[in-house]
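# Structural characterization, general
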Amino acid sequence: MNLPILSLITFTPLVGALAVAALPSRYPHLIRRTALAFSLLAWVMSLVLLAAYAFGPTGFQFVEAHNWIPTFGIRYKVGIDGLSILMVVLTTTLSWISILASFGPIKDRVKGYMISFLVLEVGMIGVFLALDLFLFYIYWEIVLVPMYLIIGIWGGSNRIYATMKFVLYTLVGSLLMLVAILATAFAYQVGHGGSWVGAFDFQLLQQFAASGQFGDAFQNLAFLALFLAFAIKVPMFPFHTWLPDAHTEAPTAGSVILAGVLLKLGAYGLIRFAVPLYPHAAHTFAGPIIVLSVIAIVYGAIVSIVQPDLKRLIAYSSVSHMGFVTLGIFVFSATALQGAILQMISHGLITGGLFLLVGVIYERTHDRTIAKMGGLAATMPVWATVFGFFILASAGLPGLSGFVGEFLVFVGSFGISPLIAVATIIVMVLAATYLLWMFQRVAFGTMSDFLKGLGGHLTDMTGTEAVTLLPLGFLIVVLGLFPSLVLDLLRAPAQAFLAAAGVAVGG
Amino acid sequence: MTFLIPLIPLLPLAGFAITGLLGREMGKQSHKVAVWAVVASWLVAMLVAFGALSHTLGFDAAGAGIKLWDWIPATGFHADMGFFVDPLTACLLIVVTTIGMLVHIYSIGYMAHDEGKWRFFAYLNLFMFSMLMLILADNFLLVFAGWELVGLCSYLLIGFWFPRRSAAEAAKKAFLVNRVGDMGFALGIMAIWTQLGTLNMQAVFAKFAGVPHEWQIAIALLILCGAIGKSAQFPLHVWLPDAMEGPTPVSALIHAATMVNAGVYLIARCNPIFGTVPEVMVIVAAIGIFTAIMAASIAFTQTDIKRVLAYSTLSQLGYMFASLGVGAWTAAIFHLMSHGFFKGLLFLGSGSVIHAVDGEQDMRKMGGLARKIPITYVTMLIGSVAIAGVPPLAGFFSKDEILGGAFKNGFLWVWAIGFVVAGMTAFYMFRLMGMTFWGQSRVDPEKEHPTHESPPTMTRPLILLAIPAIFLGLLIGFPPESGLLHQWLAPVFEATITASGRTEAAYSFFGIDGVLAIGTTALVAVAIVMAWRLFGVNMPALGLHAEPRPDRVRELSERQGLAELYRGSSHKWWFDDLNNLLFVVWGGKLAAAVFWFDRTVIDGTVNGIGTVTTGAGMRLRQVQTGRVQNYALGIALGLIAMAVGYILIAVR
């Protein structure tokens, strides 16, 4: 039996979106629950997929391929390896959590919101599954539209500026990506005597690349275009300034998905496409990219220290944390790459949780200014405890997932060049500084006048809010103590990545 | 019996989980689970320590371990979740679980009226778990995990009374300063992995001789970084005095008897590493002995009873570092153990004093408390005599071994400074005793009335700690340099000592050792008498009586030459001010400058491009004719141009 499980997972949220569209807007509760039900269904299916996935072998599993635009050899081709399945599970997990977390805060135009969210989920899952470059591009663009709507319609006061920046930035990247994809397909077609068959097929393209048939100059141009598209999404220094604006204006769930999944699309693209298709160029530019990553790690942390707004602080901290991901990719070490991917997952869980927790406060105070807070540990002890937990996870406390990812990147980089680790290690102190100082100002001390003025509105976390955070906290602990659950899945992809990049795998 | 080892940390972890989740509902009984968890952990630890020290129960001289699971099995990296117990671990187990248990019991009384009591006991249990992880870990990464977790518990407990700004500040400072040291430790672990391909400590030690010498030095220095942070040695000593913002049982347990010893433990544990790099050993000795005299000089002028003890802790830890540095390994662990007991006693005693005078910590507002809180007084007196180094109490033997080791291993300068510090220690301790217990009462009249001895849950731990403060030296340190402790630890340090070529001559009381011991004791006696004459004494049983002479103290502190020293000491040699300027003021300015750069230069460029684009768009609007043919033409031309461009490049 060949159940097209990947397509089923991808299009379950789409069915959900259609179902929600069919419901009358006067039943917001029904709409919310329907959306939640479909996102939960997609989540369960992704877990089944994880259980069915065979750990050992390299290569893609559950591959589905159908002709789509045969004239140009474009196909609907999807498949998973250890990397993409983890990303899909991360996406489905954060999606239902985000939808549940939107139950309270989103009161206007619930229907449109839920449709946007479900379509967003389709796009995100699709990106991680696509094995055809054109299909990948389509999904990539699908993600952009609902996110644009979510920030632009349900966002904060300065949302128009933030969305324009977000969209223009990403569009520039997308266009460069399209050019790179078309050019690559052209080059493949030229190399195959004008036949378009397989010109967009990732696996065939990679074989073509592995046989060294893309010229060096071509590789450099194509790589740079693709790299720029992905670097904007990650975002890497110096293409990061759209992120704080987008985060500040996005509704809570938008921030969770933005930080949790959207940033990972860029990193995923680098690992899956940019390096394996243009290995020579990847090596050529690895040096500068490593430097940019180190700058991002330290710079993001320094800028985080002086942020006055909770969400901006977490946004800049994401720049720092994602720096570990790009660093881990471009030092070309199996250890560091596994760390980078673990860091992608871990950052999704931790930062997703932090945004949810800030959302809890925003719901009650309609403010996120750190200076206006104070003494919340006494008034909202449960919230403060959970917030403290996620803060420590973000600060890289051993025993939690963030530590394992960052340490593996560190130790892998140290093996390549101790200088990288030495230049980066200061982040241990900087991260603790911005996180603990923020926590101190928000939770410790006595209650601020601003909060006193709000008086009765400061109830502790509700059951629903706790339910959104519990699975994240659970996974952070489990992956901190048993990272082998993820690392075992990543052994094959890491080897495949290094083989494609032309690096001999050690250890 | 190695299967018992995991129980030692897991019992307090279970206690933490139960108390943390249900403590609020347990109300007055919220300490029960936590205390019993630690008592049970103590029992198991005693059994394991007995096995490890007597080489029975499945342990041999080299120790025994148990691996639980593959913690981080990445491609090209590996770390286990596993424990290892040898005689050194056993010594630490005795100190940590015994003092930990007594502090838990003491806290039942001390925290009885605090509404956050459940939280306090949950944190204490979490600390016990972390500290036990640290000493039981069989690999460097797991040590590091325990290392960071004890730092976290220290953070939580220093900031326990978080509405108080100073407590929150001190908690953050402790965590950050510790992290500065931890950066070095983390890099050291990476270096060890890169050089040796394993993090298992026994495997690392076995192979360490094969590492290139410059890497040996780097690794030792990086580990030293971590040790300096955790054990609050110069220049990372600044967090420990501020840590006294935490409840006093915390000061006793974490900031005197256990966590701050972690650095000493780590260097002792890594003796096969440090043994190969004598040049780093000198640095260890120098940092230690400098911290010892610097901190002792500050303790002279502090008026907060807990801060005096905090600086005293710094100073004694300095002794331990000096001892490690000169290669007197066993003496360092000996002092770690005896100091753990008598400093734990002194801190708990100071807590009892503070309890009695209703939260007052300023010794200038104490005095004459000896009659009112007799049990506290007698036990603290024992602690003071012990730390001062009066024979035959514990501190005498351990300090004597350190000074003797320094002298006989050829570190005369370490010995000379250490000798002076011994006198200073005796002086500031009896200054503390005089200001607190003797002379006339200076307690606020309204706080005077309820002055009372603490409840039995608090005094009994004091009595129990006084016993090792008196007898520990005789028990495990006598005869000197060949007592029980030396026999226990011989398997741990023997190889390193032999390799260093510094096999000591046997202890000879009628030789150099006796001369050194008598010399130190004489100095201590003089220092104590000086303290008595300035700050008073009243021990009728011994026929000793002197009134304090504050006018004489003031006159001395203003005398030419002494006034500057006095000022430096009371300002803690301005280290806090320097750090504030460097990291808070200048660091803050740097961060603000970087943020300005981000908004103005980087984001400004982006917005600038946006503006230019908008302008260009206005012009290009005229191209939009609304005629589809024109658009189609444009698209076709664009695609052709692109395709031609890339084919040219691709074919080349």
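What counts, and where the lines are drawn
All residue numbers refer to positions counted from 1 along the written sequence of the respective chain. Chain letters and ligand numbers both follow the written order, the letters beginning at A and the numbers at 1. With the structure being a predicted model, the display of local features is reserved for residues of pLDDT at least 70 and the display and counting of side-chain atom pairs for 80 or more, all residues being used for whole-chain, interface and lining totals. Strands are runs of DSSP state E lasting at least two residues, helices are runs of H or I lasting at least four, and both sets are numbered from the N terminus onward. C-alpha atoms define the radius of gyration, and 2.2 Å times the number of residues to the power 0.38 defines the globule rule. Every C-beta atom is placed from the backbone, and the number of other C-beta atoms within 10 Å of a residue's own sets its class: buried at 20 or more, exposed at 12 or fewer, partly exposed in between. Contact between two residues is assigned whenever their backbone-derived C-beta positions fall within 7 Å. A pair of strands is treated as paired once DSSP finds two or more bridges between them. Axis definition: a line fitted to C-alpha atoms, limited for helices to the stretch in contact. Angles are taken between N-to-C directions and run from 0 to 180 degrees. An angle counts as roughly parallel when it lies under 35 degrees, as roughly antiparallel when it exceeds 145, as roughly perpendicular when it falls between 65 and 115, and as oblique in every other case. Crossings are assigned a handedness: left-handed for a near helix turned anticlockwise from the far helix by less than a right angle, right-handed for a clockwise turn. In this classification, Asp, Glu, Lys and Arg are treated as charged, Ala, Val, Leu, Ile, Met, Phe, Trp, Tyr, Cys and Pro as nonpolar, and every other residue, Gly included, as polar. Put simply, a nonpolar core is a cluster of buried Ala, Val, Leu, Ile, Met, Phe, Trp, Tyr and Cys residues tied together by C-beta atoms within 7 Å. pLDDT measures the predictor's confidence residue by residue and takes values from 0 up to 100. In this analysis, the expected span of each helix is defined as 1.5 Å times one less than the number of residues it contains.

### Describing the overall build of chain A
- Within chain A, the secondary structure is distributed over 21 helices and 2 strands.
- Relative to the 2.2 N^0.38 estimate, which gives 23 Å for 507 residues, the radius of gyration of chain A is 22 Å and therefore close to what a compact globule would have.
- C-alpha atoms of chain A, sized along the principal axes, occupy 75 × 60 × 40 Å.
- Burial status across chain A gives 62% buried among its 507 residues.

### Focus: the overall build of chain B
- Secondary structure assignment for chain B yields 26 helices and 4 strands.
- Viewed in the frame of its principal axes, chain B has a C-alpha envelope of about 115 × 60 × 60 Å.
- The long-range share in chain B, meaning contacts at least 24 apart out of those at least 6 apart in sequence, stands at 79%.

### Here's the deal with the pairing of strand β2 (residues 77-85) of chain B
Residues and elements named next belong to chain B.
- Counting buried residues in β2 gives 8 out of 9 residues, a clear majority hidden from the surface.
- Here strand β1 (residues 64-74) pairs with β2 via 9 bridges, running antiparallel. Along β2, the bridge assignment pairs Gly65 with Phe84.
- The turn joining β1 and β2, which pair antiparallel and follow one another in sequence, is formed by 2 residues; a positive phi near 85 degrees is taken by Gly76.

### What to know about the pairing of strand β1 (residues 61-69) of chain A
Residues and elements named next belong to chain A.
- Pairing geometry for β1 and strand β2 (residues 74-80), over 6 bridges, is antiparallel. Residue Glu64 lies in a different strand from β2, and its bridge partner there is Val78.
- If you look at the hairpin formed by β1 and β2, you'll find 4 residues sitting between the two strands, and Gly73 has a positive phi there, around 70 degrees.

### Considering the packing of helix α8 (residues 216-233) of chain A against helix α10 (residues 252-277) of chain A
All names here are of chain A.
- Running from amino to carboxyl end, α8 crosses α10 at an angle of 155 degrees, the nearest separation of the two axes being 7 Å. With respect to each other, α8 and α10 are oriented roughly antiparallel. As for the relative orientation of α8 and α10, their crossing is left-handed in sense. Side by side, α8 and α10 meet where Phe223, Leu226, Phe227, Phe230, Ala231 and Lys233 of the first sit next to Leu262, Leu263, Leu265, Gly266, Gly269, Leu270, Phe273 and Ala274 of the second.
- By residue class, the composition of the contact of α8 with α10 is 11 nonpolar, 2 polar and 1 charged.

### A short note on the nonpolar core
- Core analysis: the largest hydrophobic core is formed by 439 residues, its most contacted members being A:Leu226, A:Ala274 and B:Ala469.
- Element by element, the count of residues in this core is highest for helix α6 (residues 165-196) of chain B, at 18 residues.
- With near-sequence residues (within four places) excluded, A:Leu226 lies in contact with A:Met177, A:Ala180, A:Phe273 and A:Ala274.

### Considerations on the interface of chain B and chain A
- Contact residues are listed per partner, giving 45 residues for chain B and 55 residues for chain A.
- Looking at the side of chain B that touches chain A, the elements that each hand over two or more residues are β1, α5 (140-158), α6, α25 (575-620) and α26 (628-651) of chain B.
- The class makeup of the residues in the side of chain B that touches chain A is 32 nonpolar, 4 polar and 9 charged.

### Quick look at the environment of A:Val306
- By the element assignment, A:Val306 lies in the loop between α11 (279-305) and α12 (310-330).
- Residues A:Val306 and A:Ser448, spaced 142 residues apart in sequence, show a C-alpha to C-alpha distance of 20 Å.
- Once residues lying within four places of it in the same chain are set aside, the contact partners of A:Val306 are B:Ala591, B:Ala592 and B:Phe595.

### What to know about the packing of helix α14 (residues 305-325) of chain B against helix α17 (residues 394-408) of chain B
All names here are of chain B.
- For the pair α14 and α17, the least separation of the axes is 9 Å and the interaxial angle reads 40 degrees. Put simply, α14 runs oblique to α17. In the crossing of α14 with α17, the sense of the turn from one axis to the other is left-handed. Listed contacts from α17 to Tyr319, Ala322 and Ser323 of α14 are Lys399, Ile402, Gly405 and Ala406.
- For the contact of α14 with α17, the residue count by class is 4 nonpolar, 2 polar and 1 charged.

### Structural notes on the confidence of the model for chain B
- Residues with a pLDDT of 70 or more make up 95% of chain B, whose mean pLDDT is 87.
- Quick note on the complex model: pTM equals 0.90, ipTM equals 0.90.

### Digging into unusual backbone geometry
- That bond from A:Phe237 to A:Pro238 is cis: its omega, 5 degrees, falls within 30 degrees of zero.
- Of note, the phi angle at A:Phe62 is positive, near 55 degrees, even though the residue is not glycine.
- With 21 C-beta atoms packed within 10 Å, A:Phe62 lands in the buried category.
- At B:Lys572, a position not held by glycine, the phi torsion is positive, near 55 degrees.
- The topology assignment puts B:Lys572 in the loop between α24 (562-570) and α25.

### Considerations on α14(B)
- Compared with an ideal rise of 1.5 Å per residue, which puts 21 residues at 30 Å, α14(B) spans 30 Å between its outermost C-alpha atoms and is within 8% of the ideal.
- Taken from the residues just after α14(B), B:Gly327 is the one with a positive phi, measuring 90 degrees.

### Concerning the environment of B:Leu253
Residue and element names in this part refer to chain B.
- Mapped onto the elements of the fold, Leu253 is located in helix α10 (residues 248-257).
- Taking the number of C-beta atoms within 10 Å as the measure of exposure, Leu253 has 30 and is therefore buried.
- Once the C-alpha coordinates of Leu253 and Lys343 are considered, the two residues, 90 residues apart in sequence, prove to be 9.3 Å apart.
- If near-sequence neighbours (up to four positions away) are discounted, Leu253 is found in contact with Ile99, Gly100, Val103 and Thr258.

### Description of helix α2 (residues 32-54) of chain B
- For α2(B), built from 23 residues, the straight-helix expectation of 33 Å at 1.5 Å per residue is met to within 8% by its first-to-last C-alpha distance of 33 Å.
- Following α2(B) by one or two positions, B:His55 adopts a phi angle in the positive range, close to 55 degrees.

### Quick notes on the environment of B:Thr56
- Tracing the backbone shows B:Thr56 in the loop between α2 and β1.
- Residues B:Thr56 and B:Gly188, 132 residues apart in the sequence, show an inter-C-alpha distance of 35 Å.

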